[in-house]
Amino acid sequence: MQTRKAALPLFLAVAVFMTATAAISDQPVAFGDPIAGLTAQQQELFADGKADFAEVESVADGLGPVFNGRSCAECHSVPAVGGGSERTVTRFGTTTNGQFDPLAQFGGSLIQDHGIKRADGSTHDFDAESVPAPATIVAHRRTPPLFGLGFVDAVPDSDFVVLAAQEAQRGDGTAGRVNMVFNPATGTTTVGKFGWKSQVPSLFVFSGDAYLNEMGITNPMFPNENCPNGDCKQLKWNPRPDLNDLGDGVAAFNNYMTMLGAPPRGAITADVTAGEQVFEQVGCASCHAAMLHTGHSDIAALDNVPFHPYSDFLIHDMGPLGDGIAMAQATGREVRTAPLWGLRTITRFLHDGRAATLDAAILAHDGQGRAARDAFAALDAGARAKLMAFLNSL
């Protein structure tokens, strides 16, 4: 990869190229395809972003000094580029004075499990990070798919606030809430939508955050290198101490994810239709909302359209199923509702991949998911089979 050139502002990098085109649903694409109905210019931006997404970074590009992967596609690959995988990352922390402590002085809360070496072209062998002795909380998080997240990004923050209020009005004990987070792109506090704790406010921020924290590529939003296990003295050997990406890499990732199509739906049979009714009857739809609606977007294919993620993207208290890691306003017990579209391509389930089957994943629900879990456990074989047919159609 060549040294990045300075990026256009986001509204120029994406919006200025957008012209009106027919609005479409989130359905008629294959896994990994762009949203249907993009203009030729938008398709070119998508293709350029996908190439950057799949590109293997090197030490000369700024990789490291500690990192988790050499490309985005290394982890986001199943069943196509942009999907998820069974790859997990590790987070750690402890409790200090009754509050979650990410142990930032030891490089927390995220472990970077690779270090660049002389064999890679580094002037120093950097060790992979490890969980430090003071950590009393260790959690693993599975790589989630990115399909369709441009639709989620296009939902106004106010809609998620209203959705949380509507869930609270039900009074059934399953209401989620928004995670209000600092948005480094705007300098304000906005609604978190992405990540297992809804700790990331936008795909643009997600792009910059992942570039630094997963690959070690500094960028204008995240200009400071991670100190390996918190030991900043090691950075004196950093072969690329300058700003590694001037912003166009982040913009390219954002373009790609914004225009990455939603998962296509599988065949709709009579059992699938009946299974969705079971899904609603046992209470799964309380959190796994079937349909949301985008607001205004300069990308016509994302402008004021419905989509079907089967998630409210709110955080819910899942009791002991929570991973113990607090992020922004999300507590250690809270987890964002996982979107279920594309579920039929997932091979390990829940945030940490602990469940090998859908049955096991549902039966592991607790906290606000306990009532739905118990209702599922009480289903007869026929109703359970129909529910599985529905889930396996997503």
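This text follows the structure it describes.
Please read these numbers as outputs of a predicted model, since none were measured by experiment. (Residues numbered from 1 in each chain as written. Predicted model: local features only at pLDDT ≥ 70, side-chain atom pairs only at ≥ 80, totals over all residues. Heavy atoms only, no water.)

Participant: How should I be thinking about the sheet that holds strand E3 (residues 99-101) in this particular structure?
Facilitator: If you walk across this open sheet you meet the three strands as E3-E2-E5, and the pairing is antiparallel. Since the sheet does not close on itself, it has two edges, and those belong to E3 and strand E5 (137-142), each with one partner. Across this sheet, the average inter-strand angle for adjacent strands is 40°, counted without regard to direction. Across six bridges, the pairing between strand E2 (residues 88-96) and E5 is antiparallel. Within the sheet, the bridge partner assigned to Val 89 lies in E5 and is Arg 141. (Pairing = 2+ DSSP bridges. Helix = DSSP H or I, 4+ residues; strand = E, 2+ residues; numbered from the N terminus. Axes fitted to C-alpha atoms, helices over the stretch in contact; angles between N-to-C directions.)

Participant: Can you help me understand the packing of aromatic side chains in this one?
Facilitator: Two measures describe an aromatic ring pair: the distance that separates the ring centres and the angle between the ring planes. In total, this model carries eleven aromatic pairs according to the counting rule given. Three or more aromatic residues joined by ring pairs form one cluster here, namely Phe 46, Phe 53, Tyr 211, Phe 253 and Tyr 256. The side chain of Arg 384 reaches across the aromatic face of Phe 376, ending 4.2 Å from its centre. (Phe/Tyr/Trp six-rings, centres within 6.5 Å; stacked < 30°, edge-to-face > 60°. Lys NZ or Arg CZ within 6 Å of the ring centre and 35° of its normal.)

Participant: Sorry if this is basic, but what is going on with the pattern of salt bridges here?
Facilitator: Two side chains carrying opposite charge are able to pair once their charged atoms lie near each other. Evaluation of the coordinates by the stated rule reveals 17 salt bridges. Here Asp 120 ties to Arg 70 by a salt bridge, and the two come within 3.4 Å at their closest N and O atoms. Residue Asp 120 is found in the loop between strand E4 (114-115) and E5, and its partner Arg 70 is found in the loop between strand E1 (66-67) and E2; the two are separated by 50 residues along the sequence. Under the relative-accessibility criterion, Asp 120 is labelled partly exposed at 28%. Among the salt bridges present, the one from Lys 193 reaches Asp 157, with a minimum N-O distance of 3.7 Å. Taken together, the residues Lys 193 in the loop between strand E7 (188-191) and helix H5 (203-215) and Asp 157 in helix H4 (residues 157-170) connect sequence positions 36 residues apart. Among the residues examined, Lys 193 registers a relative accessible area of 3% and is labelled buried. Here the salt bridges share partners, and the residues they tie into one network are Asp 366, Arg 370, Arg 373 and Asp 374. (Salt bridge = Lys/Arg side-chain N within 4 Å of Asp/Glu carboxyl O. Buried < 20%, exposed > 50% of the residue type's maximum accessible area, 1.4 Å probe, protein only.)

Participant: What exactly am I supposed to notice about the state of the cysteines here?
Facilitator: Disulfides are covalent bonds that connect the sulfur atoms of two cysteines. Across all of its chains, the model carries one disulfide by this definition. Residue pairing for Cys 227: its cysteine sulfur links by disulfide to Cys 232, the two sulfurs lying 2.0 Å apart. In this structure, the disulfide formed by Cys 227 and Cys 232 twists by about 95° around the S-S bond and is classed as right-handed. For Cys 227, a relative accessible area of 15% gives the class buried. Free cysteine Cys 287: the closest other cysteine sulfur is in Cys 284, separated by 8.9 Å. (Disulfide = S-S within 2.5 Å.)

Participant: What's the story with helix H10 (residues 381-391) in this structure? I'm lost.
Facilitator: Within the span of H10, buried status applies to Ala 383, Leu 387, Met 388, Phe 390 and Leu 391. Along the axis of H10, the buried positions cluster into a sector of 155°, meaning they face one direction only. Elements in contact with the buried residues of H10: helix H7 (270-281), helix H8 (358-363) and helix H9 (370-377). (Arc of directions from axis to C-beta. Contact = heavy atoms within 4.5 Å.)

Participant: For this particular structure, what's the right way to read the environment of Trp 341?
Facilitator: As for its placement among the helices and strands, Trp 341 is situated in the loop between strand E11 (334-336) and H8. When the C-alpha positions of Trp 341 and Arg 265 are compared, they lie 7.7 Å apart, and in sequence the two are 76 residues distant.

Participant: Explain unusual backbone geometry to me, please; I cannot follow it from the model alone.
Facilitator: Glycine aside, negative phi is the norm for most residues, and most peptide bonds take the trans geometry. Backbone torsion omega between Gly 64 and Pro 65 reads 15°, so that peptide bond is classified as cis. For Pro 65, the position within the fold is in the loop between helix H2 (40-54) and E1. Cis peptide bonds are those with omega within 30 degrees of zero, and the linkage from Val 78 to Pro 79 qualifies with 5°. The residue Pro 79 is located in the loop between E1 and E2 in this model. Phi at Asn 97 is positive, roughly 55°, even though this residue is not glycine. You can see Asn 97 is positioned in the loop between E2 and E3. In this structure Asn 97 comes out as exposed when scored by relative accessible area, which is 78%.

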